[in-house]
Amino acid sequence: MPDAILIKNGHIVDPSQGIDEVGDILIEDGKITEVRSQKSEVRHKEKESLRTIDAAGLYIFPGLVDMHVHLREPGFEYKETIKTGTMAAVKGGITSVCCMPNTNPVNDNKTVTEFILRKTYAEGSCYVYPIGAITKGQKGEELAEMTMMHEAGCVAFSDDGRPVTSSLIMRRALEYSRVLNVPIISHCEDMSLSEGGVMNEGRLSAQMGLRGIPYASEDAMVARDIILSELTGGRLHIAHVSTEGSVRLLRQAKERGVKVTAETCPHYFTITEDAVKGYNTNAKVNPPLRTQRDVDAIKEGLRDGTIDVIATDHAPHHRDEKLQEFDKSPSGISGFETALSLCLRLVHEGVLTMSQLVEKITFAPAKILGINAGTLKVDNYADITIVDMNREFKVESENFLSKGKNTPFDGWTLKGMPVITICKGKIYDWRS
Amino acid sequence: MKDLVGIKELSRNEIELILNTASSFKDILKRDIKKVPALRGKTVVNLFFEPSTRTRTSFELAEKRLSTDVLNFSVPTSSVVKGESLFDTIKTIEAYGVDFIVMRHSSSGTPHFIARNVNASVINAGDGINEHPTQALLDAFSIIEKKGSLEGLKIAIVGDILHSRVAKSNIYLLSKFGVNIRLIGPPTLIPDMTDHNVEVFYEMDEGLKDSDVIMMLRIQMERQGRGFFPSTLEYFKNWGLDIRRLKLAKKDAVVMHPGPMNRGIEISSDVADSKQSIILEQVTNGLAVRMAVMYLLSGRSENA
């Protein structure tokens, strides 16, 4: 990396500082030293190796923060590794990721947390913030050692992939987490209601002969967890919201002042259960893709602020695992390399302003997690994503940097993509 | 057409072609020598990942009547128990150069998945709770034999619609032919089929009124105690077909059942053995229909 980089004439969008205008950014020795609107010239010291990036016509965002990903290491390196996963994230304009604990062994103790961070230090292309398990082995029975994991680097706790079935344990987790003031991230699913289900329950599941997961499975758990958060004062974050009912419950809870935040994923506002037709295992995901009604409600929830964050739930799987009977195939979408483009559709469609969108993928998750990321404030390390809103490209999963090629968006033409990512002192130019 | 994965995927014309062809094969089955050389040299593999006696023997006999070479593959003796993926199993079988794969599998959509990945013709012999197309075809064939046509008939389908691939395929088929379809059963066992122009009755007496055809479905014992209905005793009381209820249908109504029956649970013995029951004719017609399907998929009819 050169000593200094000057990004010129880009449209800077940084909700953490309320910036939404054309300007320049100066980076010196890896850190942001000046952010200026066009009115005043960026002054920089005379450096031998000044690199200038002409960002005219492009947007400049803080590097994206993705608070819900699966990097699969340790234990499932055939699906993804910290090395391949973080590289794919950077390609998607993402510079900070939070990896879920459903590895093997489960990240339910500080040794695993330390392993993940050591691996990231050695091989990671972006920042990795581990999420620890709420309960030992994600079994939902005994609390994991939260404060010790927090000390080792965990920023939140979740049994993602599995709900905490026992209301008592969930209550205890929310209570205990107050000592750290970190969020408990809840995968909301009433397992008895969704038993054996592999797609959204409704006419289409009846038509395809697939067992359904009713919206009530998610809504019932969201309601329970909101009530428990209210009872305990613990910070609750609802993962991957997929239903109209969840949005409604969250809106009501926020009006009451409950300490709850929520995220959704690009697939839940882009496609419906119709993507499963033909028994397409690449559209099998949990929670399942729902109906147009739910898609519309989620967009409205994003627009009115009920949903704070967009995360990918990047869930890579091996090709052989998706090349199976629908029932047997694992759930998940490899999301890093399409997420930002799918998010930008919300701006193209007029659902969100650019500034609203950027907040949900940078500063909002950083704030929920209490991490120093998702901002272009001076003195921060330069984690920057430069985006071309008008550049079109065809999604070709075979060319993903992620090991997971499992996406229902293969072959889609998307408009808007990250063209340059700056992360950990490296400049990646994806245009070549 | 390469495969028969479901009735959903067939047009009315294609169904009529199969039924007409089955008629010719039924004539052959009445002859003294029932075997024809129609598909000599073709190889069929029967891949049953779920136990089946009736459907498998029916297919096997139909295959033999057509002079094909038949290979049977069932799970307990297969490499599946050794952990081979279905995809690899199928690719291995395809490498033998088979022309037809007749398959039954407990996961819905598996024949569709296989059909996309092999050159052989795939015939769905029942997938999960999705479809059992040849059963619906033989049911339609049997009804037409008795009633002349399907148009305008009132047909009651009674029982566990939710888990019945037979019911699903029948609904898809009959809804393409202007049939008044009535689904009868407990609310826990009736899925949302409103796209297919059906009427739903929880009261059996009401639903049976003036029916031309009563299709009874098998109640799977394992549904009991899982909250779908309280007991087989209560089930029979509410949704079992006995002589009193049979009289609510039209005088010349026929009773059908895909087998195997649970006598005294969904159907009483006197109904099953009555003159109105065409259960055994369904079995005979199954042969003719399955021969017709294979013959048509082979493309030999086009060359003839």
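Residues numbered from 1 in each chain as written. Chains lettered and ligands numbered in written order. Predicted model: local features only at pLDDT ≥ 70, side-chain atom pairs only at ≥ 80, totals over all residues.

Some points on the overall build of chain B
Thinking step 1. On a plain count of helices and strands, chain B comes out with twelve helices and nine strands.
Thinking step 2. For 304 residues, the compact-globule estimate of 2.2 N^0.38 gives 19 Å, and the C-alpha radius of gyration of chain B, at 19 Å, lies within 12% of that figure.
Thinking step 3. Each principal axis of the C-alpha atoms in chain B carries an extent, and together these give about 55 × 45 × 35 Å.
Thinking step 4. Among the 304 residues that make up chain B, the fraction classed as buried is 48%.
Thinking step 5. A separation threshold of at least 6 residues defines the contact pool for chain B, and within that pool the share at least 24 residues apart is 75%. (Helix = DSSP H or I, 4+ residues; strand = E, 2+ residues; numbered from the N terminus. Rg over C-alpha atoms; globule rule 2.2 N^0.38 Å. Buried ≥ 20, exposed ≤ 12 C-beta atoms within 10 Å, placed from the backbone. Contact = placed C-beta atoms within 7 Å.)

What to know about the confidence of the model for chain B
Thinking step 1. In the predicted model, chain B carries a mean pLDDT of 93, and 96% of its residues have values of at least 70.
Thinking step 2. The complex prediction reports pTM at 0.93, with the ipTM value standing at 0.89. (pLDDT = per-residue confidence, 0-100.)

Some points on the packing of helix H4 (residues 167-176) of chain A against helix H6 (residues 215-232) of chain A
Residues and elements named next belong to chain A.
Thinking step 1. The geometry of H4 relative to H6 is characterised by a closest axis approach of 9 Å and an angle of 45° between their N-to-C directions. By the angle between their axes, H4 is oblique relative to H6. When you trace H4 past H6, the crossing you get is right-handed. The segment H4 lies against H6, with Ser167, Met170, Arg171, Leu174 and Glu175 engaging Arg224, Asp225, Leu228, Ser229, Leu231 and Thr232.
Thinking step 2. Considered class by class, the residues forming the contact of H4 with H6 number four nonpolar, three polar and four charged. (Axes fitted to C-alpha atoms, helices over the stretch in contact; angles between N-to-C directions. Parallel < 35°, antiparallel > 145°, perpendicular 65-115°, else oblique. Left-handed = near helix turned anticlockwise from the far one by under 90°. Nonpolar A, V, L, I, M, F, W, Y, C, P; charged D, E, K, R; others polar.)

Some thoughts on the interface of chain A and chain B
Thinking step 1. On the side of chain B, 22 residues touch chain A, which itself brings 16 residues to the contact.
Thinking step 2. With four residues, helix H5 (residues 203-208) of chain A is the single largest residue contributor to the side of chain A that touches chain B.
Thinking step 3. Its residues assigned to classes, the side of chain A that touches chain B shows six nonpolar, five polar and five charged.

Some remarks on the sheet that holds strand E6 (residues 180-184) of chain B
All names here are of chain B.
Thinking step 1. A sheet is described by the order of its strands in space; here five strands give the open sequence E7-E6-E5-E8-E9, paired in parallel fashion. A single partner strand is all that each edge strand has here, and the edge strands are strand E7 (198-201) and strand E9 (254-256). Strand-to-strand twist across the sheet, computed as the mean angle between neighbouring axes with direction ignored, equals 20°.
Thinking step 2. The pairing of strand E5 (residues 154-158) with E6 spans five bridges and is classified as parallel. Each bridged residue has a counterpart across the sheet, and for Ile157 the counterpart in E6 is Leu183. (Pairing = 2+ DSSP bridges.)

What about the sheet that holds strand E10 (residues 184-186) of chain A?
Think of a sheet as strands paired side by side through backbone hydrogen bonds, with each pair either parallel or antiparallel.
Residues and elements named next belong to chain A.
Thinking step 1. Spatial strand order, E6-E7-E8-E9-E10-E13-E14-E15: eight strands in an open sheet with parallel pairing. Looking at which strands have only one partner, the edges of the open sheet turn out to be strand E6 (64-69) and strand E15 (309-310).
Thinking step 2. The pairing of strand E9 (residues 156-158) with E10 spans two bridges and is classified as parallel. Bridging across to E10, Ser158 finds its partner in Ile185.
Thinking step 3. Along the sheet face, helix H1 (residues 82-91) touches E6, strand E7 (94-99) and strand E8 (127-132) and points at about 135° away from the line of E7.

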